[in-house]
Every structure is written in structure tokens, then in C-alpha cells.
Amino acid sequence: MVIASIADQITRTVEGVSDTLTAPFSDPVIRLGVTGLSRAGKTVFITSLVANLMDRGRMPQLEAAANGAIHTAYLQPQPDDTVPRFRYEAHLDSLTSATPVWPGGTRHISELRLSLKVQPGGLLAGITGPRTVHIDIVDYPGEWLLDLGLLDQSFAEWSQAALDRAKGRPGGADYVALVAGVDPTVKLDEPEAQVLAERFTAHLQEAREAGFSDCSPGRFLLPGDLAGSPVLTFAPLPGARYPRGSLGREFERRFDSYKRNIVQPFFRNHFAKIDRQIVLVDVLGAIHAGPAALDDLRGAMARILGAFRPGRNAFLSRIFQGRRVEKILFAATKADHLHHSQHPQLTAIVQALLREAKDRADFAGAQTSAMSIAALRTTVEETVDHRDGPLDVVRGRLLDNDKQAAFYPGKLPDDPAHLLAPARAGSEIWLDADYSVMNFAPAALIRRPGDGLPHIRLDKAAQFLLGDRL
Ligand SMILES: Nc1nc2c(ncn2[C@@H]2O[C@H](COP(=O)(O)OP(=O)(O)O)[C@@H](O)[C@H]2O)c(=O)[nH]1
Ligand SMILES: [Mg+2]
């Protein structure tokens, strides 16, 4: 532990020195982190952001685009050779083909460098020529941020919490019943270990599909090339003291290995370098899944945002070394499912989620904001006659059957507490309304030259995240 911390400091110091030495000669770089739980909309967001920064016709709220300060935008090789490149071209092709489809799921970290040629405004205008600003966009699963909580826990503490949580969740009772018949002090038997890990993972997967957000350890759901490796072959067990060579002792060791070899390197190598962050949240999906899912989302978001308060955690303070994320945007995605007359209510819900996390501690000076966006707008708005009077709906092409449909998801309350309070109190269903979600397919586009992809408030999000540096 001590050795690790000294090593951290040495690398940091060396990096710090080289940063200052090269800074006056190199172009400014903004590292923009894009995160959110799986299916929150990260891939679509990055694809649309990049497309709309290259063709800026739909970005009036991004000042540097509206006033012409951005001359050009182009992709360049990214600085990190060992991180997969974000597959921008492939994702854009799927969204813009004659019969557009949503991009396939991604389950790992990826990166893309977009470089902008910007003409400085204000006092410097006319004195200096255009300068280059690099935006390194880093896409990583929000599930990995939830793993931060594991660092403070022993195997016994984590096991206890995981078993408690499993009891009320899909598939959880099965795992708890299975583990009740297991004696963790017996000698390790690898096939038995694998069965336990598989059954625990199956429970996490079921819970995730039912709309629960916090299904850590994050790599159990998104294993990538670690699938089947010992570092993922453990599961929560009862008890606290296990003899040498026992199942319990080995799971304890693997849990520690997971923290040391997976969680810590991600924070050190990727997270600690981020300057600006957007956290995408599928609020509508969670409301649709019901009060328990919304309450779990609330808890998960508070924990995710906890990672942006380095002072709170000794490990984080050490790797950040006084650096901090400067801006954090908390965005409800897929706002095109709602008529704009309901966007303020959606924004109020994300604001309430953010405020709650902020109330517990501030973000060490980081500027925060909440908004609702659609990275890719798939619907048009309409008002239809309904038996109770006119109804504001959205119309789009359904993913399941390709048919056009008008859709009304339910009326979100003006006061977010009307959703958050029953969720917290443990209600099982929403009392006053049903909230539905439809899956719309991306609309076929007719793009005018100079226009990026249609969106809702993506320009406002870009202005908050990047505007001051362009
Ligand atoms: N209507 C609509 N759906 C979206 C939008 N962004 C994402 N989605 C939906 O959410 C799914 C997951 O998005 P994706 O970007 O792959 O999520 P990721 O797992 O966070 O990368 C997509 O397949 C779409 O069905 C949006 O702006 N509007
Ligand atoms: Mg993705």
C-alpha cells in the first residue's frame, strides 16, 4: 500500500514536470469523460457530438460555433495507444444509413481525439492566428465508477451488503438460498467457485435487466476479455474468518485482487486525467421500470457523483494530487420521448438527483449543471385531440414493427418529489399514473450540407462542457 502510494506520487510528479515543461509549446487538450450506465446513451451521444462539431449548422447555442470562432474540426490519432479507438465512423454509418439502426452495444473504455482550429476572440482577436484545441473524448462505463465503493470495503463487509441487497432483487433469493448451503471454511473447489460466481453474475444480470442500476462489481456485467479469469471468479459469502486454503479465504483474496488489479488502475490511468465530465442518465427508463428502479438509480447516481469528490476518499486524493474535474454535467438522455412541454419536469428530476448528491458534499469547486437532452432526435412533436382535450405527443418510427406511432408517455409531475418520495418509501407501483417508454428507431435523415445530426440541447451541453475553452 505504502509502496503503491509512493509510486503514484513519483509518476505524478514526473508527469507534472513534463506537463509544465511542454505546456507553452503544445496545443491545449481538454479530456472530456463521457459516462453513464449501460444503455444510458454514451455511444449515441459521442457520435452525435462529434458529427455536430464537424458540421456545426445545428449548434447555435455553442457560442464558438455560432460566432464562427471554430474554423474546422477534424479527427486525429488519439494520444493513448493502448485504449481502443471509439468507432466513430461505424456508429455514424449505422445512424445515417438509408434504413438507420442504433449502434451496437459497447462494453469497454474507448477514446477519440477531435481537434478544432479556433480563432481566438476578444483582445487576442486579430493579433494571433487560429490555434488548435484537442478534445480527447473518453467513453467509459458508469458501472466502473460504482466500483469505487468497493475500495473502502473488506470482503466480509462487501459480502454482507451484497447478500442483503440480493434478497429483494430479481434472482437474488436464488443466490442467497444457494450460498446458505455452502460452507466457506471448506477447502476451495474450483468448479464450485465457478458455479457460485456464475450464479451471482446471473443474478446481477437479471437485476440489471429489471432496471436496477447498482449491480456492482462492474466487471461482472462487463467483463470484456477478463471473462472467466480468477479475478472475476468470486461471489459474496457469509462469515468473516476463513482458514487458509478455504473457499472463503480464496474469494477474499480474489476480491482484493479485483480492487488492486482492476478498480485502482482504471481510476489511476483514466479517471484521474479527466478535465470535464458528462454523466448520462436514462431517467425515463428508470421511471418506466418503477419506483424501486428509480430509487436505485438515485442511489447509484449519488455514488457515481461521489467519485468526483476526491477529498472523500484517500485513494482518490492521492491519485488526483490536487487536480480536479472542472465541470460536471448531469444529463437526462432520450428527451425526444417527451414533448418539449414536459422537458422542464424531466430536467427538474435530474436536478433533484444532482442536488441530493451535492447536499452531501460539494464537488471541491467543480461547476455542475443538470439538463435534459436527446443526442439524436428520433421524433416530431404533435398535439392530438384526446377525450380529455388536446394532448401533446411525439411521433416516430417504432423499433419493433417499423410503424409510425404517436406516443404519450404519461404526465411527469411538476414537483420531482412526487416521484422520488414514493420511490424512496419503497412503493411498488406508481400510484397516480403509468409511465411508458417506447423504443423508437432513428429517423431516416435528409441532411443539408453543414448540418450535423438532429438533437435536443446538445449544443447547450457542449457550451457548458467546452465553451469556455474555445
Ligand atoms: N430516442 C432516443 N433514443 C436514444 C438516444 N440515445 C440513445 N438512445 C437509445 O438508447 C440505446 C442505448 O444507447 P447507447 O448510446 O448505445 O448507450 P451506451 O450503452 O451508454 O453506449 C440506443 O440503442 C437507443 O435505443 C436518443 O438521443 N434518443
Ligand atoms: Mg456504448
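Ordered by their spatial adjacency, three strands build an open sheet running 8-9-10, and the pairing between neighbours is antiparallel. Each having just a single partner strand, strand 8 (380–386) and strand 10 (404–407) make up the two edges of the open sheet. Taken over all neighbouring pairs, the strand axes of this sheet differ in orientation by 40 degrees on average, direction set aside. Across seven bridges, the pairing between strand 8 and strand 9 (residues 389–397) is antiparallel. Residue pairing across strands places H386 opposite G389, the latter belonging to strand 9.

Counted according to the given criterion, the structure contains 24 salt bridges. With a closest N to O distance of 2.9 Å, E250 and R254 form a salt bridge. One end of the pair, E250, and the other, R254, are both in helix 10 (residues 247–269), four residues apart, so they sit about a helical turn from each other. On the basis of relative accessibility, which here comes to 4%, the residue R254 falls in the buried class. In this structure, E326 and R276 form a salt bridge, with 2.7 Å as the shortest nitrogen-oxygen distance. Here E326, found in the loop between helix 13 (314–320) and strand 6 (327–332), pairs with R276, found in strand 5 (residues 276–281); they are 50 residues apart in sequence, far enough to count as distant. By relative accessible area, which is 29% here, E326 ends up partly exposed. Classification of R276 by relative accessible area gives buried; the value is 3%.

What follows deals with helix 15 (residues 417–424). Along helix 15, the residues that are buried comprise L419, L420 and A423. Seen end-on, helix 15 carries its buried residues on one side only, within an arc spanning 90 degrees. Looking one or two places after helix 15, you find G426, whose phi comes out positive at around 85 degrees.

With an omega dihedral of 0 degrees, the bond running from S216 to P217 counts as a cis peptide bond. With respect to the helices, strands and loops of the structure, P217 is situated in the loop between helix 8 (190–209) and helix 9 (218–221). In this structure, R39 takes a positive phi of about 75 degrees despite not being glycine. Tracing the sequence through the fold places R39 in the loop between strand 1 (29–36) and helix 2 (42–54). The phi torsion at K334 lies on the positive side, around 60 degrees, for a residue other than glycine. Note on placement: K334 falls in the loop between strand 6 and helix 14 (343–360). Residue K334 is classed as partly exposed on the basis of its relative accessible area of 25%.

Looking along a regular strand, one sees the side chains alternate between the two faces of the sheet. Burial of strand 6 is extensive: six of the six residues sit out of reach of the surface. Burial of the side chains of strand 6 extends over both faces: K327, L329 and A331 are buried on one face and I328, F330 and A332 on the other. Pairing geometry for strand 6 and strand 7 (residues 367–372), over six bridges, is parallel. Each bridged residue has a counterpart across the sheet, and for F330 the counterpart in strand 7 is A370.

For ligand 1, the set of nearby residues contains 16 residues, the closest of which are R39, K42, T43, V44 and D336. T43 has a polar side-chain atom sitting 2.8 Å from an oxygen atom of ligand 1. Starting from 570 Å² of accessible surface for ligand 1 in isolation, the protein chains cover 96%. For the shell around ligand 1, the residue count by class is seven nonpolar, five polar and four charged.

Here helix 8 contains 20 residues, and its C-alpha end-to-end distance of 28 Å stays within 8% of the 28 Å for a straight helix at 1.5 Å per residue. Of the residues making up helix 8, those classed as buried are A193, L196, A197, F200, T201, H203, L204, A207 and R208. One face of helix 8 carries all of its buried residues, which in axial projection span an arc of 155 degrees. In helix 8, the exposed residues that point more than 90 degrees away from the buried face are P191, E198 and E209. Of the surrounding secondary structure, the elements contacted by the buried residues of helix 8 are helix 5 (142–146), helix 6 (155–167), helix 7 (172–180), helix 9 and helix 10. Looking one or two residues beyond helix 8, the residue adopting positive phi is G211, at roughly 105 degrees.

Another aspect to go through is the domain arrangement of the protein chain. One can read the domain layout of the protein chain as domain 1 (27–140 + 270–377 + 445–469), domain 2 (148–266) and domain 3 (380–424). Each of domain 1 and domain 2 has a C-alpha centre, and the two are 32 Å apart. Listed as interface residues are 19 residues of domain 1 and, on the opposing side, 16 residues of domain 2. Summing the contributions of domain 1 and of domain 2, the shared interface buries around 1500 Å²; its carbon and sulfur component is 57%. Summed over the three residues of domain 1 that lose the most area to domain 2, namely R107, D296 and F315, the buried surface amounts to 35% of that side. Viewed at the interface, domain 2 and domain 1 are joined by two salt bridges. Residues R169 and D296 are paired through a salt bridge, measuring 2.8 Å at the closest nitrogen-oxygen approach. Along the contact surface separating domain 1 from domain 2 lie eight residue pairs in polar contact (both at pLDDT 80 or more). When residues of the side of domain 1 that touches domain 2 are traced back to their parent elements, those giving at least two are helix 12 (291–306) and helix 13. A per-element tally of the side of domain 1 that touches domain 2 places helix 12 first, with six residues. Residue composition of the side of domain 1 that touches domain 2, grouped by class: twelve nonpolar, three polar and four charged.

Close reading of the predicted structure is inappropriate where its pLDDT is low. Considering every residue of the protein chain, the mean pLDDT works out to 89; 92% of them sit at 70 or more. Every residue in residues 1–24 scores below 50 in pLDDT, and together they form twelve contacts with partners more than four places removed in sequence or on other chains.

Time to look at the packing of aromatic side chains. Throughout the structure, instances matching the rule amount to 22 aromatic pairs. Between Y175 and F200 the ring centres are 5.3 Å apart and the planes differ by 55 degrees, which places this aromatic pair in the tilted class. A residue pair is termed long-range when its members are at least 10 positions apart, and Y175 in helix 7 and F200 in helix 8 qualify at 25 residues. There is no split in this pair, since Y175 and F200 are both buried.

Calculation criteria
Residues numbered from 1 in each chain as written. Chains lettered and ligands numbered in written order. Predicted model: local features only at pLDDT ≥ 70, side-chain atom pairs only at ≥ 80, totals over all residues. Heavy atoms only, no water. Pairing = 2+ DSSP bridges. Helix = DSSP H or I, 4+ residues; strand = E, 2+ residues; numbered from the N terminus. Axes fitted to C-alpha atoms, helices over the stretch in contact; angles between N-to-C directions. Salt bridge = Lys/Arg side-chain N within 4 Å of Asp/Glu carboxyl O. Buried < 20%, exposed > 50% of the residue type's maximum accessible area, 1.4 Å probe, protein only. Arc of directions from axis to C-beta. Near = heavy atom within 4 Å. Polar contact = N/O pair within 3.5 Å; in protein donor to acceptor, adjacent residues only side chain to side chain. Areas by Shrake-Rupley, 256 points an atom, 1.4 Å probe, with all protein chains shown as cover. Nonpolar A, V, L, I, M, F, W, Y, C, P; charged D, E, K, R; others polar. Expected span 1.5 Å × (residues − 1). Contact = heavy atoms within 4.5 Å. Domains from an automatic or database assignment. Buried area = accessible area lost by both parts, 1.4 Å probe. pLDDT = per-residue confidence, 0-100. Phe/Tyr/Trp six-rings, centres within 6.5 Å; stacked < 30°, edge-to-face > 60°.

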